[in-house]
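Per-entry structural report
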Amino acid sequence: MANGRATVAETAARQLANATKTRAQWGGITPRWLIPFLPWTPVEAGIFRLNRVKQTRGATAISSDDVESSPPRDEDPDLPETFVDYEEHPREYFLSAITTVLDVQTRVSDLYSRPFDQIQEQLRLLIEKVKETHESELINNPEYGLLASAAPAMTIPTRSGAPTPDDLDELIARVWKEPAFFLAHPAAIAAFGRECTRRGVPPPTVNLFGSSFLTWRGLPLVPSDKIPLEGGTSKILLLRTGEKKQGVVGLFQPGVPGEVSPSLSVRFMGINRKAIASYLVSLYSSLAVLTEDALGVLDNVEVGKYHAYDHTYGKGGAAVATSSRARTRKRS
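Read on for an overview of the structure. Sequence positions are assigned chain by chain, starting from 1 and proceeding in written order. The model is predicted, so local features are restricted to residues of pLDDT at least 70 and side-chain atom pairs to those at 80 or more, both for listing and for counting; the totals for chains, interfaces and linings are taken over all residues. Hydrogen atoms and water are omitted, and side-chain values are computed over all heavy atoms in the structure.

**Some remarks on the packing of aromatic side chains**
Under the pairing criterion, centres of Phe, Tyr and Trp rings, with the six-membered ring standing for Trp, must be within 6.5 Å; the plane angle then separates stacked pairs below 30 degrees from edge-to-face pairs above 60, leaving the rest tilted. Using the criterion set out here, one finds 8 aromatic pairs in the structure. Taking the centre distance of 6.2 Å and the plane angle of 35 degrees together, the rings of W33 and F209 count as tilted. Within this pair, whereas W33 is found in the loop between α1 (10-13) and α2 (34-37), its partner F209 is found in the loop between β9 (205-208) and β10 (211-216), the two being separated by 176 residues in sequence. On the basis of an interplanar angle of 50 degrees and a centroid distance of 5.2 Å, the ring pair of F268 and Y279 is categorised as tilted. Here the residue F268 occupies a position in strand β15 (residues 264-271), and Y279 occupies one in strand β16 (residues 276-289), the gap between them amounting to 11 residues. Here a strand is any run of E in DSSP of at least two residues, a helix any run of H or I of at least four, and the numbering for each starts at the N terminus.

And the structure:
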């Protein structure tokens, strides 16, 4: 017996065993809810031209005041005349590209692709990173992102810092034409939940895309960690979506070469003299706010405000009633 043992050591036995392995896990993957909540409009040649009615003195060239009713039957005046004028230089949105190159040593992909294909695993993780950047660009891009597209008249501050039901009601009053959903940092949604709990009006939930979302006035609060959270403050957005509703739409171009999903392509670039294979990963998209009142922003949302509650407990109804009378005298 070697080393006084009567059986094979576990360390030695493990050399003949196969370990069950997982795919490479990355904690930076998020649900990216903004993508499925947005309607997506296909474009040609990577260009989307947004035609609008010309603005005149703060209103459109034709308004409800310009359209007069027909004259009474017993009168014969001339019928009113008007027209709708268009902007002569409409804005054009060009699809933005998120592009990167993946390099894989062919020796690695040849020898170490069981049970998981090394190239496929590398591409899977890189595509996840590209998609995370995609959602961030839809929110934060300085040219077309949601935050940059919000009109000053559609941006309001909170009443007291923390997001309250009154604040969200005010935001709904700004985007009142069939709003679709709120978009907020998870910390801002938690702060709103605390304010609702304090007022005794916990927000209901709804199940969408197989997940539960808090709602307010029937509108889901969609979380995204891509909304900036700086110095303990953030923003809450409210969107109306869809081209028919003159709302917010995502833009993509279908049928790009090497397409693996809408507007996302992967193309093999070849192998260099160092036996390194290269793959080009590209995602093309943009976003357009068709009318200014389709997007509202609640600004200066404080997420670090917590409330202290009275935790006085008693035995039976007498103690509870005494505590209630004490609080009543304190308020008076």
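There's more to say after this.
**Here's the deal with the sheet that holds strand β7 (residues 155-157)**
Two strands pair under a simple rule: DSSP has to find at least two bridges between them. Taken in spatial order, the 7 strands line up as β7-β17-β12-β8-β11-β10-β9 in an open sheet, and their pairing is mixed. The strands lining the two open edges of the sheet, one partner per strand, are β7 and β9. The average angle at which neighbouring strand axes cross in this sheet is 30 degrees, direction not considered. Pairing of β9 with β10 involves 4 bridges; the strand directions are antiparallel. Bridge pairing links L208 to S211 in β10. Here helix α7 (residues 186-199) sits on the sheet and contacts β8 (181-184), β10, β11 (219-223), β12 (233-239) and β17 (295-302); the angle it forms with β11, its principal contact strand, is near 135 degrees. To define axes, lines are fitted to C-alpha atoms, for helices over the stretch in contact only, and angles between the resulting N-to-C directions are given on a 0 to 180 degree scale. We call two residues in contact whenever any of their non-hydrogen atoms come within 4.5 Å of each other.

**Examining the nonpolar core**
With 31 residues, the main nonpolar core has L146, L183 and L239 as its most contacted residues. Here L183 is in contact with L34, I139, L146, V222, S224, I227, K235, I236, L237 and L239, once residues within four sequence places are set aside. To qualify as a nonpolar core, a set must consist of buried Ala, Val, Leu, Ile, Met, Phe, Trp, Tyr and Cys residues joined through side-chain atoms within 4.5 Å. Partly exposed residues are those whose accessible area sits between 20% and 50% of the maximum for their type, while under 20% is buried and over 50% is exposed, using a 1.4 Å probe and protein chains only. Within the second largest apolar cluster, 22 residues are counted, among which are M154, L298, V301 and V303.

**Some thoughts on the pattern of salt bridges**
Every case where a carboxyl oxygen of Asp or Glu lies within 4 Å of a side-chain nitrogen of Lys or Arg is listed as a salt bridge. All told, the structure shown has 18 salt bridges when counted by the stated rule. Note that E10 is salt-bridged to R14, the shortest N-O span being 3.9 Å. Its relative accessible area of 62% is what places E10 among the exposed residues. Looking at R14, the relative accessible area reads 52%, which means it is exposed. Across the pair E170 and R174 runs a salt bridge, and its minimum N-O distance is 3.6 Å. Remark: R174 and E170 occur in helix α6 (residues 165-174); sequence separation between them is 4 residues, near one turn of the helix. Look at the salt bridges and you will find they share partners, linking R32, E128, E132, E135, D225 and K226 into a network.

**What to know about α7**
To estimate the expected span of a helix, count its residues, drop one, and scale the result by 1.5 Å. Taking 1.5 Å per residue, 14 residues should reach 20 Å; α7 reaches 20 Å between its end C-alpha atoms and fits that length. Buried residues of α7: A188, I189, A191, F192, G193, R194, E195 and C196, and no others. G200, located one to two residues past α7, shows a positive phi value of around 75 degrees.

**Quick notes on the side chain of T106**
Mapped onto the elements, T106 comes out in helix α3 (residues 106-111). Given a relative accessible area of 16%, T106 falls into the buried group. Those residues in contact with T106, other than ones at most four positions away along the chain, are I271, A275 and A277.

Interpretation note: all reported values are geometric properties and have no functional meaning in isolation.
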